[in-house]
Structures are given as C-alpha cells and as structure tokens.
Amino acid sequence: MKSFQAETENLREQLIAWRRDFHRHPEIAFEETRTAGIVAQRLNELGLEVQTGVGKTGVVGILEGAADGPTVLVRADMDALPIQEVNDVPYRSEKPNTMHACGHDAHTAIALGVATLLAQHREQLAGRVKFVFQPAEEIGEGAKAMIDDGVLTYPTPDVAVGLHVWNTLPVGQVAVTDGPAMAGVDSFRMQITGSGGHAAEPQQTRDPVIAAAHIMTAAQTIVSRNVRALDAAVVSFTRMMGGDAFNVIPDSVELWGTLRNFSAEIRDILIERLGQIAQGVAQGFECTVDLEIARTLPPLINDSNIGERLRQGFASIRPDLTVVDDLRTMGAEDMGLFLRAVPGVYFFVGSANSQRGFDFPHHHPRFDIDEEALTIGTSLLTSAVADYVWSR
Ligand code: NI
C-alpha cells in the first residue's frame, strides 16, 4: 500500500480550514447548498467531471485516471444536525440550532483532501475515482436519494470506501471491522386506542395508558427472550404521547421507538414479535393497536476481503497507528445502502482526545474532534483508494 502521509502533511492547514469553515456554516439534511457549492467548486478546480443536484443536494465528482481500470467510490456525508452548539471555540457554529455534531464537516474536508491528492497523480492512476458527497445522512434519506438518481451507474463502482471520525476511539486508533459494523434500523410508531373517560371512574373506560405501559414492558422481552443471547439487537421506546389532563383518561396513546439489528433474520424477529406483543397485550386490555414501521435502513456490512487488505495495508504504512478490527455500534449509517450494492469498507478513524476535551459523544452539543483525525483520515483514505487504482 502506498503512503500519502507526507503529501497529506502539506495539506494539513487546508484540511483544518475546510473543516472549520463547514463547522461554522452547518446545514441540515437536504439544505447543504453552501457546502455543496464549495465542494463542487473545488472539484471543478481539480479538473474532475462534476455533477450537482444528485439526490437533491448531493455532488458527484469523477476523477479519470490516465489508464483504464476499476472504479472506486469514495463517499462522504455533508449534513449537520438540529442541535445548538455549546462549544466555545473560534469555529463555533454561526447558525442557531444547527451544528456539525457528528463530524460530517470532517468527512467533507477529508474527501476534498483525498480528491486533491489523487488529482495530483492522475497520470499514475489506472481506473477512476467517483467522489460522492452525500446529503441527508442524519435522516437516513441521502444515500437512497443519490442511488435513485443513478449514482451507482455510469460508471458502476467496483469498490466503495468511506470513513467516520469516531469519538469513542482515541485519536491514533483506526477500526476496520469485518462484516456487520453498524446496525440496521427500523423506526416504529403505534397508536393504542381504547375509550377514554373520567379518571375517577376507570371502570367506564378502556384505558390505553395502562395498555401502553404493558406493551412497553412486555416488549423488553423481545431481546431477552426471542433473540439468541449471542446476537445483538435493541428495542427502545423513545416517545410516548397521550392525555391532556390529570383527571381524564384519553382515548388513545401513541408510542414511538426504534429497532436495531445486524441481520435480516434478527430484523424479522424484532418486527414480528413487536407486532404480536402489541396486538396481544392491547387485546388483553380491550384496546386496539395500529403499528407502523416508519423508517428502514439495512445494517452496514463490510466486505471481509477488502477489510483484511486495508487493515494490513494501514498497519504497514502507519505503524504509529493502532488498527483494530472489532468496533461495532448499534448506531445506523446509510452508507450501508452503498455497501449493499457495492463491496467495500466503511472504517472508523479515532478522533477522541480526553485530555483536550474532545470526548463528547456524537450528537452531543459539546461534540468536537481532535483535528489530527483529519490528516490521519485523509492519508488512509487516499491510500485505500490508491490501492485499487494505482498503476503498477
Ligand atoms: Ni455520522
């Protein structure tokens, strides 16, 4: 594997400047027009073939090598979150209630860095690199929107790579996990309907509040009693709504929640059992239930052969880093949609530094990263891509 560490070092100030600029000007899902504009301009300057408006606000840039060869897709997400930043840093978000609290500002800067480095070596590339700057990862819709717009065709990628800066991993560590690395997600909402009335005369009602409480409690047995102990799954209720007064039993209660899995088999179990429990318990309490599965993403599954190749390569060019292979998270990522269609790897680049206060979790209003992750991420991602398109 070819090292780009020294060349990346020359880009250090530029990477930090890009990341901080995106951080100061965050944009939430499908509103990434400023970010996309800067990305498109930079890719144009580098001489890439650029397409904008892919999946609403996405940008695609194709870097053609001098000779023919495989197509490598590089994916970076661009969107921020509706969170008010409370960090007191010079590059703090200037937009109220909007913040890059997941590190997608870093991903966008890193992918621009990779494009910059590889564009300087166009003559040595056999194949092409398709840079995919994706919108709306946080709502799980951006990858689908870009795929619907044809991002996986003309040319169809042979390999897909991407990375996430990761704040539970210390800076200097990198995780390339084989197989399932991030969870599949389903969101659900259910409406439990009974018959309301005076809280002092509950015998005249069919109380949906009690039914909802029992459904939530019974649903905790799905993971503990229906899923094999060695398999991973999560059932979480996240919102309950019902009632307006202390002395009125409402007609209905609404529950929201999320199901997480690492395989289609477990997913089927979670959905089936949630439905059975909700129906059965509601019926026991003389209520009815309407269950709707609202949002779905598959688990993110890395290709083991590509993973092994990258782990060995990273370890050989960067002996100063620690490369681990066992980081899995129940968090979800719509990069999983690309990896379902194209073999590839999504790896984690440690960005935590507790001594400097960079160890708040993702989506926290104090989230921030050790910017050393920018150079580490750029050099490793460039090397990973070059491993497939460098002419030998
Ligand atoms: Ni993220």
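Rules used in this analysis
- Residues numbered from 1 in each chain as written.
- Predicted model: local features only at pLDDT ≥ 70, side-chain atom pairs only at ≥ 80, totals over all residues.
- Heavy atoms only, no water.
- Donors = N, O, S within 2.8 Å, 3.2 Å for Na, K, Ca; no water.
- Helix = DSSP H or I, 4+ residues; strand = E, 2+ residues; numbered from the N terminus.
- Buried < 20%, exposed > 50% of the residue type's maximum accessible area, 1.4 Å probe, protein only.
- Domains from an automatic or database assignment.
- Contact = heavy atoms within 4.5 Å.
- Buried area = accessible area lost by both parts, 1.4 Å probe.
- Salt bridge = Lys/Arg side-chain N within 4 Å of Asp/Glu carboxyl O.
- Polar contact = N/O pair within 3.5 Å; in protein donor to acceptor, adjacent residues only side chain to side chain.
- Nonpolar A, V, L, I, M, F, W, Y, C, P; charged D, E, K, R; others polar.
- Axes fitted to C-alpha atoms, helices over the stretch in contact; angles between N-to-C directions.
- Left-handed = near helix turned anticlockwise from the far one by under 90°.
- Parallel < 35°, antiparallel > 145°, perpendicular 65-115°, else oblique.

A. Just the coordination of the nickel ion, in detail. Binding of the nickel ion to the protein goes through Cys102 (SG), His104 (NE2) and His164 (NE2), at separations of 2.2 to 2.3 Å. Counting gaps between the donor residues of the nickel ion yields the pattern C-x1-H-x59-H. Of this pair, His104 sits in helix α3 (residues 104-119) while His164 sits in strand β5 (residues 159-170), and the two are 60 residues apart along the sequence. The class for His104 is buried, based on a relative accessible area of 0%. Taking the relative accessible area as the measure of exposure, His164 reaches 2% and is therefore buried.

B. Summary view of the domain arrangement of the protein chain. Along its sequence, the protein chain is carved into domain 1 (5-183 + 301-389) and domain 2 (191-297). Contact residues are listed per partner, giving 15 residues for domain 1 and eight residues for domain 2. For the pair domain 1 and domain 2, the two sides together bury roughly 840 Å², of which 73% comes from carbon and sulfur. Of all residues in domain 1, the largest losses of buried area upon contact with domain 2 belong to Ala183, Met330 and Ala332, amounting jointly to 52% of the total for that side. Between the two partners, domain 1 and domain 2, sit zero salt bridges. Where domain 1 touches domain 2, the interface holds one residue pair in polar contact (both at pLDDT 80 or more). In terms of residue class, the side of domain 1 that touches domain 2 is built from eight nonpolar, three polar and four charged.

C. Focus on the packing of helix α1 (residues 5-24) against α3. Put simply, α1 and α3 touch, their axes get as near as 8 Å, and they point 145° apart. Seen from above, α1 lies across α3 with right-handed handedness. Residue-level inspection shows Glu7, Thr8, Leu11, Leu15, Trp18, Arg19, Phe22 and His23 of α1 in contact with α3, the latter providing Asp105, Ala106, Thr108, Ala109, Ile110, Leu112, Gly113, Thr116 and Leu117. Of the residues assigned to the contact of α1 with α3, the class counts are nine nonpolar, five polar and three charged.

D. How the structure looks around the packing of helix α8 (residues 304-317) against helix α10 (residues 372-389). Relative to each other, α8 and α10 sit at 120°, their axes nearing to 10 Å. Here α8 is positioned oblique relative to α10, judged by the angle of their axes. The element α8 and its partner α10 pack so that their crossing is right-handed. Facing Ile306, Arg309, Leu310, Phe314 and Ile317 of α8, the residues of α10 in contact are Leu380, Ser383, Ala384, Asp387 and Tyr388. Class assignment for the residues of the contact of α8 with α10 results in seven nonpolar, one polar and two charged.

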